[in-house]
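The primary structure of each chain is shown beneath.
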Amino acid sequence: MADIPRDPSFDASLALLNNGYRFIRERCDQLGSDVFKTRLMLRRFICVSGEEAARMFYHPDRFTRRGSMPPTVLMALQDRGSVQQLDGAQHRHRKAMFMSLMSPAAIARLGDIFDNEWQTRLAHWQRQPQVVLQKEVELLLCRAACRWAGVALNALDARKRTGEFAAMIDGAGSLGPRSWRGLGLRMRTEHWARSVIQRVRDSPLSPTEPTPIEVIALHRDADGHPLPVRIAAVELLNVLRPMVAVARFITFGALALHQHPQYRQTLLDADDAWLDMFTLEVRRFYPFFPVIAGIVRDEFEWRGYSFSKGTRVMLDLHGTNHDPRSWQQPDLFQPERFKDWQGNAYNLIPQGGGAYESGHRCAGEWITIELINRALRNLVSAMEYRVPPQDLSIDMGRLPTIPASGFIIDQVRNKQ
């Protein structure tokens, strides 16, 4: 077997924290290889980037996610016992529960609820001297997600849950105060989620189709046993929290409209296919989460390299989305690139890749696309606004990142 190229630094943890999204791709370029060895937090990792690396990484049952994340990231984003921590038949069985929530009718219903929440919030925005879009969209996404799931929230609860979900997301890629705050608030959120699950189990079922919260609360594992209340609560959060995370894509979508105003009229007149192209480019171009990690379950070979059991492997998500071998002029924002795109589960991977049903790819990707599409329609068709001078820089060392100002708008007016 060939020797995998090695990062010369003793430990690259600080480099990863400081250079975030560009860490793997830059080292690949320096070493002239899509694969290299390094140490992160004194643990040995193999880092990989590119479409072929993604095909290797998402080969069914090749990696386990259990133990692959730092404990702080795991607790903030998934928690122990969640679907992402399962493998094989158990994972596929739990994943099927999530996929059952993703019917076209259910996704359209969520989109309609989101539009309704946007219009409600728009009336408030018109009375404000300034609006920080990132914060506002997090709130309306939280309200929409809970309404869709069948979870009742009053105004105070909505703000509490929004703050908790946002803190979990914001703290997931950091060490120190942001991480501590997210973990502390998650404890409060899990207590709330457990009470919601128990209340559903103690109440009569919906007379028509079960709501998402009922599907989760009453789900049985592969052996036919009900999920422990704690695990069901974790999975409820794993449905709601990622929808709040879509606020980052929506904020980046608004930034794209601001920085590329030539597309505004196109979107206003365009059909759904063009809207999809713009949304795909937002997800490809702008940074979301930088990497995903796994641990090898059984030894295998790839490109003449040996990957032994127990090896930690980190796949470069952002770098793969910007790989010039897959994307012409990848550092330019060009929605037109998707005009003849046939779909590829391994070169466009902002939320992971591979198969939905059998792999660890995000079950909510269709929801993400629907929500971004709806938000873009609202931004160009339902309202007018001004983007005042502000700091719109994007710190690529901050994980996860967002425009520094949160994207401020003012002089908001309802066009409908």
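Residues numbered from 1 in each chain as written. Predicted model: local features only at pLDDT ≥ 70, side-chain atom pairs only at ≥ 80, totals over all residues. Heavy atoms only, no water.

Caption draft 1: Fine view of the environment of histidine 258. Tracing the chain through its elements places histidine 258 in helix α11 (residues 229-259). For histidine 258, a relative accessible area of 35% corresponds to the partly exposed category. Once residues within four sequence positions are removed from consideration, histidine 258 is found in contact with Val387, Leu392 and Phe407. (Helix = DSSP H or I, 4+ residues; strand = E, 2+ residues; numbered from the N terminus. Buried < 20%, exposed > 50% of the residue type's maximum accessible area, 1.4 Å probe, protein only. Contact = heavy atoms within 4.5 Å.)

Caption draft 2: Representation of the sheet that holds strand β9 (residues 383-386) in the model. The strand order across the open sheet built from three strands is β4-β10-β9, with neighbouring strands paired in antiparallel fashion. A strand with exactly one partner marks an edge of an open sheet, and here the two such strands are β4 (131-132) and β9. Sheet analysis places β9 next to strand β10 (residues 408-414), joined by three bridges and oriented antiparallel. Within β10, the residue paired with methionine 383 across the bridge is asparagine 414. Across the sheet, helix α6 (residues 104-125) lies against β4, β9 and β10, angled at about 105° from β10, the strand it touches most. (Pairing = 2+ DSSP bridges. Axes fitted to C-alpha atoms, helices over the stretch in contact; angles between N-to-C directions.)

Caption draft 3: Seen up close, the pairing of strand β5 (residues 291-296). Relative to β5, strand β3 (residues 63-64) runs antiparallel, the two sharing two bridges. Along β5, the bridge assignment pairs phenylalanine 63 with valine 296. Where β5 and strand β8 (residues 312-316) come together, five bridges link them in antiparallel fashion. Opposite isoleucine 292, over in β8, you have leucine 315 as the bridge partner.

Caption draft 4: Fine view of the nonpolar core. Formed by 87 residues in total, the largest nonpolar core has its most connected members in Trp148 and Phe278. No other element matches the 19 residues that α11 contributes to this core. Non-local contacts of tryptophan 148, meaning those with residues more than four positions away in its chain, are made with Leu101, Ala106, Arg109, Leu110, Ile113, Pro212, Val239, Met243 and Ile367. Core analysis: the next-biggest nonpolar cluster, separate from the first, contains 20 residues, Phe57, Val296, Leu315 and Tyr346 among them. (Core = buried A, V, L, I, M, F, W, Y, C linked by side-chain atoms within 4.5 Å.)

Caption draft 5: Examining empty space enclosed by the protein more closely. All told, the structure shown has two cavities of 30 Å³ or more when counted by the stated rule. Computed from the structure, the second largest cavity encloses a volume of approximately 30 Å³. Surrounding the second largest cavity, Arg283, Tyr286, Pro287, Phe288, Phe289, Leu317, His318, Asn321 and Pro350 form its lining. Considering each element in turn, the lining of the second largest cavity owes the most residues, three residues, to helix α14 (residues 317-321). Its residues assigned to classes, the lining of the second largest cavity comprises six nonpolar, two polar and one charged. (1 Å grid on protein atoms, 1.4 Å probe; cavity = no way out; pocket = protein on both sides within 12 Å on 5 of 7 lines; lining within 4 Å. Points joined across faces, edges and corners; volume = space filled by probe spheres on them. Nonpolar A, V, L, I, M, F, W, Y, C, P; charged D, E, K, R; others polar.)

Caption draft 6: Region of interest: the side chain of arginine 27. The residue arginine 27 is located in helix α2 (residues 23-31) in this model. Accessibility expressed as a relative area gives 15% for arginine 27, which makes it buried. A polar contact is formed between the side chain of arginine 27 and the side chain of aspartate 7, at a distance of 3.1 Å. Aside from chain neighbours lying at most four places away, what touches arginine 27 is Asp7, Ala15 and Phe36. (Polar contact = N/O pair within 3.5 Å; in protein donor to acceptor, adjacent residues only side chain to side chain.)

Caption draft 7: Molecular detail of unusual backbone geometry. Cis geometry marks the peptide bond from leucine 399 to proline 400, where omega comes out at -15°. Examined against the element boundaries, proline 400 turns out to sit in the loop between β9 and β10. Phi is positive for methionine 41, which is not a glycine, with a value near 50°. Counting through the fold element by element, methionine 41 comes out in the loop between β1 (35-40) and β2 (43-49). In this model, aspartate 61 sits at a positive phi of 65°, which is unusual for a non-glycine residue.

Caption draft 8: How the structure looks around α11. Over its 31 residues, α11 extends 46 Å from the first C-alpha to the last, a length consistent with the 45 Å expected when each residue adds 1.5 Å. With 26 of 31 residues buried, α11 is to be regarded as a mostly interior element. (Expected span 1.5 Å × (residues − 1).)

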